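# What the coordinates show
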Amino acid sequence: MAHIFCIANQKGGVGKTTTTVNLAAGLAQIGQRVLLVDLDPQGNATMGSGVDKRGLKLSVYEVLLESAGVREAVQRAPAAGYDVLGANRELAGAEVELVALAQRERRLKAALAQVAQDYDFVLIDCPPSLGLLTLNGLCAAHGVIVPMQCEYFALEGLSDLVNTIKQVHAKLNPDLQIIGILRVMFDPRITLQQQVSEQLKGHFGDKVFDTVIPRNVRLAEAPSYGQPGVVFDPAAKGSQAFVAFASEMVARVQRL
Ligand code: ADP
Ligand code: MG
């Protein structure tokens with residue numbers, strides 16, 4: 001049975017997509033069967049996996065509206081060894097179209113049940129909002145991975161997400177838990193970042209992953225080559241950190 005995790009944070013530009021794509025590639029590299037689900041209409045995780053969002057015949061949109069099954073809609077990330085259920089702008093419409101449908105929050109959960117045996121990990125890249133798409137992700141998942149920059153106000157922003165997760169846990173998905181908080185774009189030379197990092201550990205204890213993802217320009221360059229950083233430049237510090245994170249995840253799920 002696949003472990004299904006959402007990569008979520010209601011802020012944009014915090015590293016959700018970079019985390020999803022590189023964790024997927026890192027897990028694939030250590031022999032895990034991975035499906036990446038792009039739930040963001042921007043389609044960045046799709047493009048960053050080397051799948052052209054403009055050429056998608058079927059996407060997560062058709063899957064949510066039940067006009068396609070997951071198996072027929074997935075594609076292989078050409079260089080990275082995992083499968084992609086892609087997204088493009090069409091998905092923005094789903095946020096509205098789903099409202100009128102039965103089981104509107106549980107559509108993705110029902111769809112992923114079709115492929116639970118095919119994968120070890122399903123990673124869902126969420127959009128930067130707490131709308132119906134993210135809700136579908138949270139309902140489908142066993143846990144949430146929260147990428148976070150160690151900046152001022154970071155903890156404050158986290159409380160909205162933690163409250164949403166608590167509500168979803170109480171009302172819609174009793175399985176849901178925070179798997180962990182991942183410190184990303186970290187620069188140890190910045191004292192403030194070290195301080196916020198310590199605060200995070202004080203608040204969340206062992207829910208803070210051991211692995212820290214450094215700020216690394218190779219991770220930012222990789223998407224324009226249609227590859228996860230882990231594949232594009234395996235020697236880069238950021239890539240090595242994501243491979244270490246993949247190992248940490250494999251160890252962590254054994255304790256769930
Ligand atoms: P989100 O999906 O939360 O909007 P992204 O993963 O797209 O965030 O990241 C936002 C921007 O920061 C992108 O331009 C990305 O390439 C860059 N970025 C993400 N992580 C890193 C990192 N560790 N080092 C350098 N740049 C990064
Ligand atoms: Mg994103």
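Scroll up to find the structure this text is about.
Before going into details, it helps to say that this report is about the structure given with it. (Residues numbered from 1 in each chain as written. Chains lettered and ligands numbered in written order. Predicted model: local features only at pLDDT ≥ 70, side-chain atom pairs only at ≥ 80, totals over all residues. Heavy atoms only, no water.)

## Digging into helix 8 (residues 154-171)
Taking 1.5 Å per residue as the helical rise, helix 8 with its 18 residues ought to reach 26 Å, and the 26 Å between its terminal C-alpha atoms agrees with that figure. Buried residues along helix 8 sit against helix 7 (132-140), strand 6 (143-148), strand 7 (177-186) and helix 9 (191-204). (Helix = DSSP H or I, 4+ residues; strand = E, 2+ residues; numbered from the N terminus. Expected span 1.5 Å × (residues − 1). Contact = heavy atoms within 4.5 Å.)

## Section: the environment of M185
Structurally, M185 is set in strand 7. Linking M185 and V51, residues 134 residues apart in sequence, is a C-alpha distance of 25 Å. Not counting the four nearest positions on each side in its chain, M185 is found in contact with G13, V14, G15, Q149, Q193, I213, P214 and R215.

## Notes on the packing of aromatic side chains
The description of an aromatic ring pair uses the distance of the two centres, along with the angle that the planes make with each other. Taken as a whole and assessed by the stated rule, the structure comprises 4 aromatic pairs. Pairing F209 with F245 gives two aromatic rings, centres 4.8 Å apart and planes at 75°, and the pair type is edge-to-face. Here F209 is found in strand 8 (residues 208-214), whereas its partner F245 is found in helix 12 (residues 237-253), with 36 residues between them in sequence. Using a relative accessible area of 0% as the deciding quantity, one classes F245 as buried. Aromatic pair Y225 and F232: ring centres 4.6 Å apart, planes at 20°, arrangement stacked. With relative accessibility at 54%, the residue Y225 sits in the exposed group. (Phe/Tyr/Trp six-rings, centres within 6.5 Å; stacked < 30°, edge-to-face > 60°. Buried < 20%, exposed > 50% of the residue type's maximum accessible area, 1.4 Å probe, protein only.)

## Structural notes on the nonpolar core
Formed by 50 residues in total, the largest nonpolar core has its most connected members in L35, V37, V60, L108, L112, V122 and I124. Residues within four places of L112 in sequence aside, it is in contact with I4, L35, V37, V70, V122, I124 and A140. Core analysis: the next-biggest nonpolar cluster, separate from the first, contains 34 residues, A45, F121, F209 and M249 among them. (Core = buried A, V, L, I, M, F, W, Y, C linked by side-chain atoms within 4.5 Å.)

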